[in-house]
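Residue-level structure breakdown
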Amino acid sequence: MSAARHPDSASSPSGRGRLGHSIARARTGFDRLVLPRASGLPNLVVLLSVPILFFLVIGTLVALGISGSSTGVYWAMFGTGPDPSLLLGTPQGIRSDEWLVQSSWIVSQAQQGFPLINQTFPGGMDSTVQNDLPTWDWSSLFRPHVWGYLLFPLDQGMAVRWWLPALALITSTYVFVVSVLPKRPLTAAMLAVGLFYSPIFQWWFLPTTLWPVALAFTAMTALIWAFKTRRFWVNLAWAALTAYLAVATAMSIYVPYMIPAIYVVLFFAIGVVVSEKASGRHTFREIGKRFVPLLLGAVAALVVMGAWILTRIDTITAVTSTVYPGQRLEPTGTLNSADKLAALFSGPFQRALQGGVTGIFAPNQSESAAPLLLVVFLLVAFVWAAFGRARVRAAGVDWMLVAVVACTLFIGAFLLIPHWDSLAHLILIDRTVAARARLAFAILGVVGAVLLLRRIEQTQTKVWWPVAILSAALAVSATLAVADYIRSVGSPVLNVGNAWMVVTALLALSILLLCRGQGFLASGALLVASLLIGFQVNPFYLGVFDLRDTAMGQEITDISESDPDAEWVGVGGIVPTAMLVESGVRAYNGMQTSPSDEMWDEIDPDGEYEFESNRLANVNWTPGTGEPVVTIPVRDQILISFDSCSDFSQDNVDYVLTDIELSQPCLTEYERETEGASTLWIYEVTR
């Protein structure tokens, strides 16, 4: 048939005309939908629609009890055949902080009824400090990620803990972007999800990692709104939310991720103040008034944190007085070798980590995790856009872009330039470490990209082509230099696959597109690049692999019910320790945040091993002779020798759980269970 008989065909002139008309109408409708308020802030549809969509997706995952937990690692030990709870991906053994340490203590808390003092260690352990454990304590009001355990079954509780901080990171990033670019909700959504899938977050996926990022973007959003709306209650609401997230972040007491996020906010705030003053719109007095709600929020947060610290000062003092981590300080200029520099710029190669290959980057995947250094490669473009040519100067210097450049250079100076430790200590930057400081670059990448797009919109001046090409070329050159170095040292990273080539191409393309003001396409390219290196780092797992449900776990529960005062020692590998902790029985095993005086007085009455015991470490036992001998194979592992005939054992231990068959004169085999690939024994200590 001829085209004339099909007027709706896109191939006909009339079809093309109607299609173009439909596209134009759709675009006009979209422009009306995203039309910002007179203040320049996003309308309610833009502000809330995408976060609601994110909430519905994550709410569905929570209802189904699906999380990214790697507790499925236990299936290889106790299960046979494919794991029916593993929906996608692979449980990551390297994520032991999550599946072995924190998840074990969470199950222990559930077993004991969520107490303030967990009674597993003799002498107990304060559950409200570190490890983010659920407790029936007022401080849990400021730990929303633990509410699921207190309100729902364990599976849903794990899903809440997993996804709520993720939702906070994604939505806070999205709201920040649309507060700067109110007509670009799709760009904002892709940037937010792309940031979430950065390897530095996926390989360190814990509330302690994600809350600082959510806090940073919320605080920066509050600063933007403070100067765009005069409604005091709105600014007070933003200040209250920022203060709440500040408390939630601070209660984790894991400082290395807080410091880089705080510095990003500090530089951003300076950029806002200088920008507002330079524009002539506000005097310093008026600027100060805009900060009043945030200052009130800061005071409220300090009051809450002060009350929290004072009501558990002994625990906090014990934690900060440990040999490790104690007051851990990082020297300046630690990136002083080719390996470390290559690791910093290893973003495009992060897919290799999912194959278990880290090469020269670090000993394991988590320590190797790095973001795509978008902000570093765009520095020249930022400077050009901030100062620029005559047409750009007409709009004045973009001091917020200057603040992004300054913050990037500051973090870079901490990593690369040595011998200013005294100043670094004074300004607290030495409380972070090199691998954690990379978090600042991930946040700054989004902030810088958004401010660059806003600058292009305001000035109607795209970044000069030579500058754009130079910025993209820097990304390609850095990746090729790292690849050449990897090849020269014989590292296997390049053999895992060629994803790094695609990621580099997407990164360079996104840089070019950002410089030319194409935010939608640039954010799409960044999203795909992030998914290539960050998606499936963590599995999609249904529920929690609960060691209490194993045959030996049930046996321990039966013994505990008949002999609730019995005390246990776990000898051998990680399974006996994890099983005793999850079972909630009194045991001399587990990850201690600081030493229990009662427990260590029994193990080491003469204080001979105070250096070895006074640390955050996992306490395990191995067969030996005589009284306990304490060693530290690595700085966060305590290994103690066990002799059932020793005075310690005879006075304190009733049962031994082990994954190795023991032959000691003071032990009687009580039970043996084989399940999957694991065989476990329970021995009773005879006197």
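To keep things clear, this report deals only with the structure shown in the data block.

Analysis parameters
Residues numbered from 1 in each chain as written. Predicted model: local features only at pLDDT ≥ 70, side-chain atom pairs only at ≥ 80, totals over all residues. Heavy atoms only, no water. Salt bridge = Lys/Arg side-chain N within 4 Å of Asp/Glu carboxyl O. Helix = DSSP H or I, 4+ residues; strand = E, 2+ residues; numbered from the N terminus. Buried < 20%, exposed > 50% of the residue type's maximum accessible area, 1.4 Å probe, protein only. Expected span 1.5 Å × (residues − 1). Pairing = 2+ DSSP bridges. Disulfide = S-S within 2.5 Å.

Once that is clear, we can look at the pattern of salt bridges. Scanning the entire structure with this criterion turns up 12 salt bridges. The partner of D132 in a salt bridge is R143, and the shortest N-O contact between them spans 3.1 Å. Here D132 is found in the loop between strand 4 (125-126) and helix 5 (147-151), whereas its partner R143 is found in the loop between strand 4 and helix 5, with 11 residues between them in sequence. Neither D132 nor R143 differs from the other in exposure class; each is buried. For E661, the salt bridge identified is with R672, shortest N-O distance 3.5 Å. Here R672 lies in strand 13 (residues 667-675) and E661 lies in the loop between strand 12 (655-658) and strand 13, a separation of 11 residues in the sequence. On the basis of relative accessible area, E661 is assigned to the exposed category, the value being 53%. Linked through salt bridges whose partners overlap, the residues forming this network are E567, R586 and E598.

Of note, P84 is situated in the loop between helix 3 (75-78) and strand 2 (86-88). The sequence separation of P84 and G72 amounts to 12 residues, and the corresponding C-alpha distance is 10.0 Å.

This paragraph deals with helix 9 (residues 207-226). The first and last C-alpha atoms of helix 9 sit 28 Å apart over 20 residues, in line with the 28 Å expected at 1.5 Å per residue. For helix 9, the buried fraction is high: 20 of the 20 residues fall into the buried class.

Before going further, it helps to examine the pairing of strand 11 (residues 637-642). One ladder, built from six bridges, connects strand 9 (residues 617-623) with strand 11; its direction is parallel. Following the sheet pairing, N620 is matched in strand 11 by L639. Of the pairings in the sheet, the one linking strand 10 (residues 630-631) to strand 11 comprises two bridges and is antiparallel in character. Its bridge partner being in strand 11, T631 is matched across the sheet by L639. The turn joining strand 10 and strand 11, which pair antiparallel and follow one another in sequence, is formed by five residues.

Turning to the environment of P363, a few remarks are in order. Positionally, P363 belongs in the loop between helix 15 (338-344) and helix 16 (365-368). With 259 residues separating them along the chain, P363 and T622 place their C-alpha atoms 25 Å apart.

Turning next to the state of the cysteines. For the structure on display, the rule yields one disulfide. With its sulfur 2.0 Å from that of its partner, C645 forms a disulfide with C666. Measuring the twist about the S-S bond at about 110°, one finds the C645-C666 disulfide to be right-handed. In this pair, C645 is assigned in the loop between strand 11 and helix 30 (647-652) and C666 in the loop between strand 12 and strand 13, connecting sequence segments 21 residues apart. Given the relative accessible area of 14%, C666 is considered buried. For the unlinked cysteine C407, the closest cysteine sulfur is that of C515, found at 20 Å.

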